[in-house]
Amino acid sequence: MEFKSQSGNTYYYDGEIGIAFPSNLITNKPISENPSQMKEIPAAEKNTDDLLFYSRYLEKINRIRPKHEAAKPKKKLTTEEIKPLILRQALHQIILGVTEDCNLRCRYCIYSEAYPHSRNRTKKKMDFSTAKKALDYYVSLFLEGREYNPVRRPSVAFYGGEPLMNFELIQKCVLYLETTYPELDFIFMFTTNGTLLTKDKEDFLMEHGFYVNFSIDGPKEEHDRNRVYPGNKGSFSDMMKNVRRFMTEWPNRCGALCVFDYKTNPFELDAFFGRSDIPRLTVVNMPSDLEGCTYYDQFSPGEIEAFQKTMDIAFRDFLEHGTYGAGAHSFFSQLFAISSSQSLYTAVVLASREQDIFPYSGACIPGRKIFVDPKGIFHICERINQYFPIGNVETGLNFQDIATLINGYNEHLDSCESCVINKECGKCFVNFAGNGSFKNASALCKNEKCRLRDQFSQVFTIGEVRPDQLNILVKDHYTWLSKKSPVSGGD
Amino acid sequence: MYFRLNPECYYIKGAKNGAIYDIIDGKIYALTHEESKTIDTCEENQEVNPGDPFLLGLKHLVIGNFYPQKTFIEKIRWGSPIGDYQEGTPPLLITAILELGNECDRSCWYCGQRGISRSRGCLGCNIWQEDGTPLSVERWKDLIVELSHLQCMSLLIKGGDLTKDWEKTREILEFASGHSKKIFLIGHREHFSQEQLEYLGNNATLILQTDTLSIIENRHTYLFPQDYAELSEESGNVPENILIDIVSRTFTPLEPGSPLTSKKKIFKTNAFQFTHNNRLHPCLANSITIAWNGEVLPCPMMRNYSLGNIRDRKLWTFLKGTKDSVQEFWNISLASLDKCRMCEFRYACSDCRALEIAKTGDLHGKVLCDYDPSKGIWRQPAA
């Protein structure tokens, strides 16, 4: 796959090795016609300097190229193989969906009407009996799994809806775990819209070492465009009152999750997230574009084009001036360097993927996170729809169902073997999940190469101008993420 | 014109000079101070003279190339670069060394019980003057199961004369064969009858200690002790299946040019080793030793660094990644040692902590090296 940086350099992405080469490194197009350059080359090779280099280089690279073997039938996982895999590779976090209720009506919420395949908001709340069973089960598996993976820490996240609408349950769960399992060093975290975070609640959360992710979309006008109460009143003022107070005491115990769209002014976001009273950006994302999503229907082609032009200007400024506002934490650093380079930096080069459970895509093994809904049903994560349960609080994880899910998922990756970007792919169960069955990759992945080409173009352009900056930003970001949570990012 | 090192070539800076690591060819190119400055310029994407004979030479070696514009070079690597930051990834356990016994009737001059230092002592059969009672066969079996849960890639079985309790050796070896794909077994050649050798050879890869080069066969690997005081130029000229084990009480006088201190310490590199050595100790990392009496050690030669006894504890408790676990030793990368930190060869150099401790008394000490990175000079042997 070829792509160009903004300077006009052409790169060739080699899907077998998993990196992109400058294309004049691996083609026999001479780089320089200047014969004076050949002075130091031995006489016998004088006229073939460049050609010799290319042929030698290709021979060298081919030595690490994976050997093409005859296609083997894909191995299906058995139920017996699943449990040890989960004990070793999974169990990084249990996420309790403490309520499906929310005091806001954010327009891009995946539980809104814009997402027909997801559940809608309900008044359902988890009760303590369900939460206790889920936590006890998670801890029992975690303890059993220590013999397989001794370095993991147990992590409990509280999710909604708005989890503060069932704060009493969060309190009970934390006190129960700390009392029942005093020898375990739990990580507690939750994601909130911030509007209900009173001082009392904040004190409790901080006393128990929580890490808090605030959903903040930017300055008032931007935030209030989508993050609204029923009746469309914006939530910015209520959220900021609490976030400011939180930040005066606990600036290192929180982060911001930002969602933007084609109506966003990126310069305003960059200035906003550079402020010292705003939590550090953890993730920037556009609203999920899952199958059937109607959120994007509101944008006209003109709006999309105007936004892209603004982003081009922002990118040129970013290249010229380096980072903005908050330096490595800035919106533009996140957007241009960290988000865009994610495929590049998460790709596994030379080493094989874990256990070959998923020969393609970026899926986690089910059970890496266990999302528990208010009724006590276990799901692969908090983002997947309700049609792919993996167990429940009464009977625990269903290893047979998990084996079936993995095998079924892999069968639907029908176009991945020949896909040049299969080492870079970040798609997972969430992307392929339909109404009870998986969609084929061949039907869903049509724009992936274009998307990745654009990302690579951006990242390689930054790398040409500022060779060190990319590594510094990425290292800084992932070091920070690893300190706050055992499962990177947040939702 | 610009010049950039290829995706497989890494430039590593030292205090004075730099080195280029080619992780495909495995070669390490030591640069002079001037050459290092030139590569600094190149890697910062600054313009260079296209007629520079040094850069043309690098191109000829297929290490780098000229580009008409500023170019970004994505590096070839092992794994994912953000893997290091992902907390909770299970530890990679490549080797577990299991000392099944501590008995032997031989009195080899180089045996560990004499408190002697050996460059490859970890591969010797050795017994020790230590207290304790041997672990039971059942505990060894449980341990082997625990190792398989941790996906330990290979077992190295040793511990004095393994024929002293031949039934125990057989029982554990056969059990291990059902749980591990790769098993090495170490003993003195003279411990074993031909029949025992046949049996062991069918169940494990053998490394045999010997003092007699004349008995060496091609089918096994041999460990041959060489007195440090008698080392000569020819000492290293042996067939590939013979490992020379340099033995001394004090390694004194520590003359420059010895295999323990010279450029011979620098090994060929590769993608895995380069990535690994960036973070971890080149030898201690990814291994654990269980002594005959249950003591858990970072290395069979570091007897004073016990992490505790496995008799009443599960193996995972020694691998938690906390201060009291074996990873504390794994994490002693050469970049964390004062002398090595500024050395351009720090990601390709071998290092024996047991020998350095014997010489300096310090877990982080370093004297077995002829190179002075601050001056970029190797100490030379006297003429």
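Owing to the predicted nature of the structure, the values given are computational and were not obtained by experimental measurement. (Residues numbered from 1 in each chain as written. Chains lettered and ligands numbered in written order. Predicted model: local features only at pLDDT ≥ 70, side-chain atom pairs only at ≥ 80, totals over all residues. Heavy atoms only, no water.)

Colleague: Help me out: how do you make sense of the overall build of chain B in this one?
Modeller: On a plain count of helices and strands, chain B comes out with nine helices and 16 strands. For a compact globule of 383 residues, the expected C-alpha radius of gyration is about 21 Å, and chain B comes in at 23 Å, within 12% of that figure. For the C-alpha atoms alone, the extent of chain B along its principal axes is close to 70 × 55 × 40 Å. Burial statistics for chain B: of 383 residues in total, 57% are counted as buried. (Helix = DSSP H or I, 4+ residues; strand = E, 2+ residues; numbered from the N terminus. Rg over C-alpha atoms; globule rule 2.2 N^0.38 Å. Buried < 20%, exposed > 50% of the residue type's maximum accessible area, 1.4 Å probe, protein only.)

Colleague: Which parts of the structure should I look at to understand the pattern of salt bridges?
Modeller: Side-chain pairs of opposite charge can arise whenever the charged atoms involved come near each other. On inspection of all chains with the given rule, the structure shows 46 salt bridges over all chains. In this structure, Glu305 of chain A engages Lys309 of chain A in a salt bridge whose closest nitrogen and oxygen atoms are separated by 3.7 Å. Remark: Lys309 of chain A and Glu305 of chain A occur in helix α10 (residues 301-321); sequence separation between them is four residues, near one turn of the helix. Judged by its relative accessible area of 52%, Lys309 of chain A falls in the exposed class. By sharing partners, the salt bridges in this structure join Asp351, Arg353, Glu356 and Lys366 of chain B into a single network. (Salt bridge = Lys/Arg side-chain N within 4 Å of Asp/Glu carboxyl O.)

Colleague: What am I meant to see in the pairing of strand β10 (residues 369-372) of chain A here?
Modeller: Regular strands have side chains that alternate between both faces of the sheet. All names here are of chain A. Pairing of strand β4 (residues 93-97) with β10 involves four bridges; the strand directions are parallel. Of the residues in β10, the one forming a bridge with Leu96 is Val372. Of the strand pairs in this sheet, β10 and strand β11 (residues 377-379) are connected by two bridges, and their pairing is antiparallel. Paired with Val372 across the two strands is Phe378, which belongs to β11. Once β10 ends, the chain turns through four residues before running back antiparallel as β11, passing Gly376 with a positive phi of about 95 degrees. (Pairing = 2+ DSSP bridges.)

Colleague: Quick question: what am I supposed to make of the nonpolar core here?
Modeller: What tends to happen in soluble globular proteins is that the nonpolar side chains get buried as a cluster. Leu96, Phe158 and Leu397 of chain A are the most contacted members of the largest nonpolar core, which totals 139 residues. Considering each element in turn, this core owes the most residues, eight residues, to helix α4 (residues 128-145) of chain A. The contacts of Phe158 of chain A, once residues within four sequence positions are left out, are Leu96, Val98, Pro163, Ile170, Cys173, Val174, Phe188, Met189, Phe190, Thr191 and Phe210 of chain A. In this structure, Ile144, Ile157, Leu319 and Phe329 of chain B belong to the second largest nonpolar core, which totals 64 residues. (Core = buried A, V, L, I, M, F, W, Y, C linked by side-chain atoms within 4.5 Å. Contact = heavy atoms within 4.5 Å.)

Colleague: How do you make sense of helix α11 (residues 331-339) of chain A when you look at a structure like this?
Modeller: Three or four residues apart is the spacing at which side chains of an α-helix point the same way, because the helix has 3.6 residues per turn. The buried count for α11 of chain A comes to eight of nine residues, which makes it a mostly enclosed element. Along α11 of chain A, the residues classified as buried are Phe331, Phe332, Ser333, Gln334, Leu335, Phe336, Ala337 and Ile338 of chain A.

Colleague: Which parts of the structure should I look at to understand the pairing of strand β1 (residues 2-5) of chain B?
Modeller: Residue and element names in this part refer to chain B. Alternating positions in β1 separate into two faces, Tyr2 and Arg4 on one and Phe3 and Leu5 on the other, with burial throughout. Of the strand pairs in this sheet, β1 and strand β5 (residues 64-67) are connected by four bridges, and their pairing is antiparallel. Paired with Leu5 across the bridge in β5 is Gly64.

Colleague: In this structure, what is going on with the packing of helix α3 (residues 79-89) of chain A against helix α13 (residues 399-411) of chain A? I would like to understand it.
Modeller: Two quantities define a packed helix pair, namely the angle between the helix axes and the distance between the axes. All names here are of chain A. At a minimum axis distance of 8 Å, the contact between α3 and α13 shows a crossing angle of 95 degrees. Comparing the axis directions of α3 and α13 gives the class roughly perpendicular. Listed contacts from α13 to Thr79, Ile82, Lys83 and Ile86 of α3 are Phe399, Gln400, Ile402, Ala403 and Ile406. Here the residues of the contact of α3 with α13 are counted per class, giving six nonpolar, two polar and one charged. (Axes fitted to C-alpha atoms, helices over the stretch in contact; angles between N-to-C directions. Parallel < 35°, antiparallel > 145°, perpendicular 65-115°, else oblique. Nonpolar A, V, L, I, M, F, W, Y, C, P; charged D, E, K, R; others polar.)

Colleague: Please clarify how the interface of chain B and chain A should be interpreted in this entry.
Modeller: Note on interface size: it is often stated as the accessible area lost on association of the parts. Residue-level contacts link 53 residues of chain B with 57 residues of chain A. Of the roughly 5100 Å² buried where chain B meets chain A, counting both sides, 60% is carbon and sulfur surface. For the pair chain B and chain A, the interface holds four salt bridges. Asp25 of chain B is the salt-bridge partner of Arg63 of chain A, the closest N and O atoms lying 2.9 Å from each other. Taken together, the elements giving at least two residues each to the side of chain B that touches chain A come down to α2 (53-60), β5 and α3 (137-149) of chain B. A class-by-class count of the residues in the side of chain B that touches chain A yields 24 nonpolar, 15 polar and 14 charged. (Buried area = accessible area lost by both parts, 1.4 Å probe.)

Colleague: Looking at this structure, how should I read the confidence of the model for chain B?
Modeller: As a general rule, the predicted coordinates of low-pLDDT regions are not to be interpreted in detail. In the predicted model, chain B carries a mean pLDDT of 93, and the fraction of residues at 70 or more is 99%. Across the assembled chains, the prediction reports ipTM 0.92 with pTM 0.90. (pLDDT = per-residue confidence, 0-100.)

Colleague: Can you help me understand the sheet that holds strand β7 (residues 211-215) of chain A in this one?
Modeller: In sheet architecture, strand pairing relies on hydrogen bonds along the backbone and comes in two forms, parallel and antiparallel. Residue and element names in this part refer to chain A. With mixed pairing, 10 strands are arranged side by side in an open sheet as β9-β8-β7-β6-β5-β4-β10-β11-β12-β13. Of all strands in the sheet, those with a lone pairing partner are β9 (280-285) and β13 (396-397), marking the two edges. Helix-sheet contacts for helix α5 (residues 167-180) involve β4, β5 (155-159) and β6 (187-192), and the interaxial angle to β5 is about 170 degrees.

Colleague: Would you take a moment to explain the environment of Ile338 of chain A for this structure?
Modeller: Residue and element names in this part refer to chain A. Following the sequence through the fold, Ile338 ends up in helix α11. Overall, Ile338 belongs to the buried group, its relative accessible area being 3%. Sequence-wise, Ile338 and Tyr478 are 140 residues apart; in three dimensions their C-alpha atoms are separated by 9.3 Å.

Colleague: How should I be thinking about the side chain of Arg77 of chain B in this particular structure?
Modeller: Residue and element names in this part refer to chain B. Following the sequence through the fold, Arg77 ends up in the loop between β5 and β6 (95-99). Within polar-contact distance, the side chain of Arg77 engages the backbone oxygen of Lys75 at 3.5 Å. Reaching out from Arg77, the side chain makes a polar contact with the backbone oxygen of Gly79 at a distance of 3.2 Å. (Polar contact = N/O pair within 3.5 Å; in protein donor to acceptor, adjacent residues only side chain to side chain.)

Colleague: Would you explain the environment of Ser262 of chain B in this entry?
Modeller: Residue and element names in this part refer to chain B. Along the chain, Ser262 falls in the loop between β12 (242-248) and α6 (271-279). Relative accessible area serves as the criterion here: at 9%, Ser262 is assigned to the buried category. Every residue in contact with Ser262, bar those within four places of it in the chain, is listed here: Gly257, Asp370 and Trp378.

Colleague: Any chance you could explain α4 of chain A here in plain terms?
Modeller: Between its first and last C-alpha atoms α4 of chain A spans 25 Å; for 18 residues at 1.5 Å apiece the expected length is 26 Å, and the two agree. Those residues of α4 of chain A that fall on the buried side of the exposure criterion are Thr130, Ala131, Ala134, Leu135, Asp136, Tyr137, Tyr138, Val139, Leu141, Phe142 and Gly145 of chain A. (Expected span 1.5 Å × (residues − 1).)

Colleague: How do you make sense of the packing of aromatic side chains when you look at a structure like this?
Modeller: What characterises a pair of aromatic rings is the spacing of the ring centres plus the angle enclosed by the ring planes. With the rule as written, the count across this model stands at 56 aromatic pairs over all chains. Plain terms: the ring middles of Phe53 of chain A and Tyr57 of chain A are 5.9 Å apart, the flat faces sit at 5 degrees to each other, and that makes the pair stacked. Taken together, the positions of Phe53 of chain A and Tyr57 of chain A, both in helix α2 (residues 49-62) and four residues apart, correspond to about one turn of that helix. Residue Tyr57 of chain A is classed as buried on the basis of its relative accessible area, which comes to 0%. The aromatic ring of Tyr10 of chain B is capped on one face by Lys75 of chain B, whose charged end is 5.5 Å from the ring centroid. Positioned above the aromatic ring of Phe318 of chain B is the side chain of Arg313 of chain B, whose terminal nitrogen or guanidinium carbon lies 3.9 Å from the ring centre. (Phe/Tyr/Trp six-rings, centres within 6.5 Å; stacked < 30°, edge-to-face > 60°. Lys NZ or Arg CZ within 6 Å of the ring centre and 35° of its normal.)

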